[in-house]
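Structural characterization, general
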Amino acid sequence: MTRILGIETSCDETSAAVLDGSGDDVAQRSLVILSQDVHRVFGGVVPEIASRAHLTSIVPVVARALADADTTMPEIDAVAVTYAPGLIGALLVGVCYAKALAFSRGIPVIPIHHMEGHLFATSLENPDATPPFTALLVSGGHTMLLDVEAWGRYRLLGATRDDAAGEAFDKVAKLLGLPYPGGRHIESLARKGDPARYRFSRPMVRRNDTPADPDYYAFSFSGLKTAVLNAVKKSDGTDKDKADIARGFQDALIGSLVEKTFRAADEYGRERVILGGGVACNAALAGAMLERMVTIGGRVFAPTPRLATDNAAMIARAGFHHYYRGERGALDLNAFASRPLPGLIAA
Ligand code: KG4
Ligand code: ZN
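One numbering rule holds for all chains: residues counted from 1, following each sequence as written. Note on labels: chains are lettered from A, ligands numbered from 1, in written order. Thresholds applied to this predicted model are a pLDDT of at least 70 for local features of residues and 80 or more for the giving and counting of side-chain atom pairs; totals over whole chains, interfaces and linings are not thresholded and use all residues. Hydrogens and water are ignored here; the side-chain numbers use all heavy atoms of the structure.

Re the sheet that holds strand E6 (residues 133-138)
- When DSSP finds two or more bridges between two strands, those strands count as paired. Think of it this way: any DSSP run of H or I at least four residues long counts as a helix, any run of E at least two long counts as a strand, and we number them from the N terminus. Spatially, E8-E7-E6-E9-E10 is the arrangement adopted by the five strands of the open sheet, whose pairing is mixed. A single partner strand is all that each edge strand has here, and the edge strands are strand E8 (153-159) and strand E10 (299-301). The average undirected angle you get between the axes of adjacent strands in this sheet is 25 degrees.
- In this sheet, strand E7 (residues 143-150) lies alongside E6 in antiparallel orientation, the contact comprising six bridges. Note that in E7 the partner of Ala-135 across the bridge is Leu-146.
- In the packing of helix H8 (residues 283-293) onto the sheet, the strands contacted are E6, strand E9 (272-276) and E10, and the crossing angle to E9 comes to about 170 degrees. Only the contacting stretch of a helix is used when fitting its axis, a line to C-alpha atoms as for every element, and angles between N-to-C directions run 0 to 180 degrees. Should any heavy atoms of two residues lie within 4.5 Å, those residues are considered in contact.

If you want it as C-alpha cells, here you go:
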C-alpha cells in the first residue's frame, strides 16, 4: 500500500489531498480545496494575487489534508505536484513547497501535468471511468479532445484555435452582465431560454466534414462570441432576451463539443466518453453528450463538480500511475507555464 500527498496550485485554488492505494486501485482519504474568492472583484484571475494567496494558504491547506486523512508526513510515501501548465508564479509555490517537503522527509516528488490530472479525476468516483475512452477536457484555460488508449498513451485529436470553452462562457456571461466566473450563471439562465429564438451555428461543424479535414476535431469559439455580441447589441436587454441569447449560445457551443467528441468516439471505436474541467459541471453538456453517445451504445462519465474543477485528488491519482512506473522528479524540478501533455502518441 502506498500513500501519496497531492498538491495543486496552478491557478486560483490551493488544494491538497491524500490518497491510498496500489497500482490502479486507489482510494481518496482527504481532499481540501481553498478557492481564492478575491479574483471575483477583478472579473478574472490576477496572477500576482494568486501567487501570494497560494503562499499564505499552502501550509494550512496541506496540514488540513493530512489531518482529514488521519495521517502525518512520516506515513506519506511520495508527494505528487502540478508542475505545468498554469500561472508560473502560482505553480512555483506548489512545486517549491512539494520539493522541500519531499526532501525533508527523504521521499520522492512526482511532477504531474495538470491536464493529465483532469483525465484521472473521474476514475476516483467511478471504477468504469478507465481507458480506453474518449476524453473531452473543457476548462477556463483549455479545450482538448483526446483518445485515451491506456493510461499514459494519449492521442491529442483536437484543441481550440482561439478561446477555451470556459473562457467563451465567461466572456459571454460578461456581455450579458453576469458575474465571474460565468459558466454556471449562463447554464441557469439558458434553462429559462427559448431554444428556437437564437440559432447560432455550431462552430467548426460542417455537414460534409471528413476525418481528413484539418478542422475535423478542432474547436473555435471566438466567432460564436462575436455572434452573441451582435445579438446583444440588437436586443432590448430584457431578461427574456438575455435568457434566449444564453440558450442559443450554450446550445451552439455544446453542439460543437458533442459533435467533435462523438466523431472521435466513433472513429476510434470507444464506448466511453470522459468529461473533465470546470465546464464538465454543465448538466446540459453531459445530457447532450449522453443523448448522442447512446446512439452508438456508449456511456458518458462526468465528475462531480469538486473533482471536475481544479483539485489535488486528481493530481495524487495521476501520481500513482507515475509512481508505479518508477518515475521520480529530481530536486531541480521546475515549473512551466506551458508544456505538452506527457505520453502523447501519434494521432
Ligand atoms: O477547471 P476550472 O475550474 O479552472 C480552470 O480554468 O482550469 O474551470 C473553470 C471554468 C470557468 O470558465 C467556468 O465558467 C466554467 O469552468 N464553468 C462552467 C460551469 N461551471 C464552471 N461552464 C459552463 N457551465 C457550468 N455549469
Ligand atoms: Zn484545470
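Observations concerning the coordination of the zinc ion (ligand 2)
- Coordination shells were defined by N, O and S atoms within 2.8 Å of each metal, extended to 3.2 Å for Na, K and Ca; water is absent from the atom set, which can make sites look incomplete. For the zinc ion (ligand 2), the full set of protein donor atoms is His-114 (NE2), His-118 (NE2) and Asp-310 (OD), and the range of their distances to it is 2.1 to 2.2 Å.
- All donors of the zinc ion (ligand 2) belong to a single chain; written as a sequence motif, their spacing is H-x3-H-x191-D. Remark: Asp-310 occurs in the loop between helix H9 (305-308) and helix H10 (312-324) and His-118 occurs in helix H3 (residues 114-121); sequence separation between them is 192 residues.
- Owing to a relative accessible area of 1%, His-118 belongs among the buried residues under this scheme. Each residue is assigned to one of three classes by its accessible area relative to the maximum for its type, calculated with a 1.4 Å probe on protein chains only: buried under 20%, partly exposed between the two thresholds, exposed over 50%.

Describing the packing of aromatic side chains
- Whether two aromatic rings pair depends on their centres lying within 6.5 Å, for rings of Phe, Tyr and Trp, where Trp uses its six-membered ring; planes under 30 degrees apart make the pair stacked, over 60 edge-to-face, and the rest tilted. Within the structure shown, the criterion is met by nine aromatic pairs.
- Between Tyr-198 and Phe-200, the aromatic rings sit 5.9 Å apart at their centres with planes inclined by 15 degrees, giving stacked as the arrangement. Each member of the pair, Tyr-198 as well as Phe-200, is classed as buried.
- Measuring from centroid to centroid gives 6.1 Å for Phe-219 and Phe-221, while their planes differ by 20 degrees, and the two rings are stacked.
- Taking the relative accessible area as the measure of exposure, Phe-219 reaches 0% and is therefore buried.
- Classification of Phe-221 as buried rests on a relative accessible area of 0%.
- By the ring-pair criterion, three or more aromatic residues cluster together here, those being Phe-120, Phe-133 and Trp-151.
- Counted as over-ring charges are cases with an Arg CZ or a Lys NZ within 6 Å of the ring centre that also lie within 35 degrees of the ring normal. Between Arg-292 and the ring centre of Phe-262, over which it is positioned, the NZ or CZ distance is 4.0 Å.
- Of note, Arg-339 hangs over the ring of Phe-336, and the distance from its end group to the ring centre comes to 3.7 Å.

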